[in-house]
Amino acid sequence: MNPHIPAQIFMSVAAAFAVFGALGAAFSKNPIRGAMGLLVLILSIAVMFLSLHAEFLAFIQLIVYAGAIVVLFLFVIMLLGPSATSPADKRGLLVRAFGGSLFALSAVGLIYLCANALWKTPIEVPAASETFGNVNSFGEELFSKAVVPFELSSALLMVAVIGAIAVARGRQPEDDAQGRAIAESKES
Amino acid sequence: MGTDLPLFLYVALSAILFTIGGVGFMVRRNVLFSLLSIEVLLNAVNLSLVAFNRLRPQNHTGHVLTFFVIAAEAAEVAVGLAIVISLYRLKRTVRVDEADLLRN
């Protein structure tokens, strides 16, 4: 029996879950369902990372996405409460549908062209070494070739946290004249 | 792992996910769904980066780039959701087309 057939079945199931999750994340009515769809997508992408020998990235995917980003989304959705679901609105639907279908059409055309080219020339995937994608070799490359971007990304995260606090705290009405003006326009 | 890994399927799946995310970003008006669609887009990009890195197993360039994409995305989500909360406190809405504070 071909030992790769179970892997391909596994991969196909994960791909189906990924598409299902992406559709849920982008097109469901309720934001909670959207966040759950994103969770399904993230888990299936982590499975794909495992099958591509990217073990460390699969764990990072689970920890950062499923553990932090989806939870952050859920916090905000719960903070907004029922108003997180905006009612259906037909204004500008035609324009939006036109833009969306234009994007989808060009994407389908591109996928078709690439698929045509790829089917004709099958790509030989080289066998990966034992250490490919594990924490040791990944970390060695990260800290030898990409030290500066790594340190800069820590600065980016720091700035993002401070900025998030500053933005979410918002402008209080008593802070300045503009804040008072916005508060008054809200009341009227 | 074998050498007959269906790399083509990974790239095709990545393209399909990118299309779904892009259409969702354009069509939806709820800002939460815009952010969720951006997540779908970035996940599609990550998948294709890792899949192409599998073709060159002697280095980890795609993996490192994916790592930085994940870091940037965490920052983007934190700031984006803070803006959503700020918008909601000012305008009591989460719809993108009602965020017009800079118009006048």
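Residues numbered from 1 in each chain as written. Chains lettered and ligands numbered in written order. Predicted model: local features only at pLDDT ≥ 70, side-chain atom pairs only at ≥ 80, totals over all residues.

1. Topic: the environment of Ala71 of chain B
Here's step 1: Tracing the sequence through the fold places Ala71 of chain B in helix α3 (residues 61-91).
Here's step 2: Residue Ala71 of chain B is classed as buried on the basis of its C-beta count, with 20 C-beta atoms lying within 10 Å.
Here's step 3: Discounting residues that sit within four places of it in the chain, Ala71 of chain B has contacts with Ser153, Leu156 and Leu157 of chain A. (Helix = DSSP H or I, 4+ residues; strand = E, 2+ residues; numbered from the N terminus. Buried ≥ 20, exposed ≤ 12 C-beta atoms within 10 Å, placed from the backbone. Contact = placed C-beta atoms within 7 Å.)

2. Remarks on helix α2 (residues 31-51) of chain A
Here's step 1: Between its first and last C-alpha atoms α2 of chain A spans 30 Å; for 21 residues at 1.5 Å apiece the expected length is 30 Å, and the two agree.
Here's step 2: Phi turns positive one or two residues past the end of α2 of chain A, at His53 of chain A, with a value near 65°. (Expected span 1.5 Å × (residues − 1).)

3. Re the environment of Tyr88 of chain B
Here's step 1: Tracing the sequence through the fold places Tyr88 of chain B in helix α3.
Here's step 2: By the C-beta count within 10 Å, which is 19 here, Tyr88 of chain B ends up partly exposed.
Here's step 3: Considered as a pair, Tyr88 of chain B and Ala99 of chain B are eleven residues apart in the sequence and their alpha carbons are 9.4 Å apart.
Here's step 4: Excluding anything up to four places from it in sequence, Tyr88 of chain B contacts Leu80 of chain A together with Thr93 and Val94 of chain B.

4. Things to note about the nonpolar core
The tendency in soluble globular proteins is for nonpolar side chains to be buried side by side.
Here's step 1: Counting 60 residues, the largest nonpolar core has Phe49 of chain A together with Leu32, Leu36 and Val40 of chain B as the members making the most contacts within it.
Here's step 2: A per-element tally of this core places helix α2 (residues 31-53) of chain B first, with 13 residues. (Core = buried A, V, L, I, M, F, W, Y, C linked by C-beta atoms within 7 Å.)

5. Side note on the interface of chain A and chain B
Here's step 1: Each partner contributes to the interface: chain A provides 73 residues, whereas chain B provides 65 residues.
Here's step 2: Elements supplying a minimum of two residues to the side of chain A that touches chain B: α1 (4-27), α2, α3 (55-80), α4 (93-120), α5 (135-145) and α6 (147-169) of chain A.
Here's step 3: A total of eleven residues in the side of chain A that touches chain B trace back to one element, the largest contributor, which is α1 of chain A.
Here's step 4: By residue class, the composition of the side of chain A that touches chain B is 55 nonpolar, 14 polar and four charged. (Nonpolar A, V, L, I, M, F, W, Y, C, P; charged D, E, K, R; others polar.)

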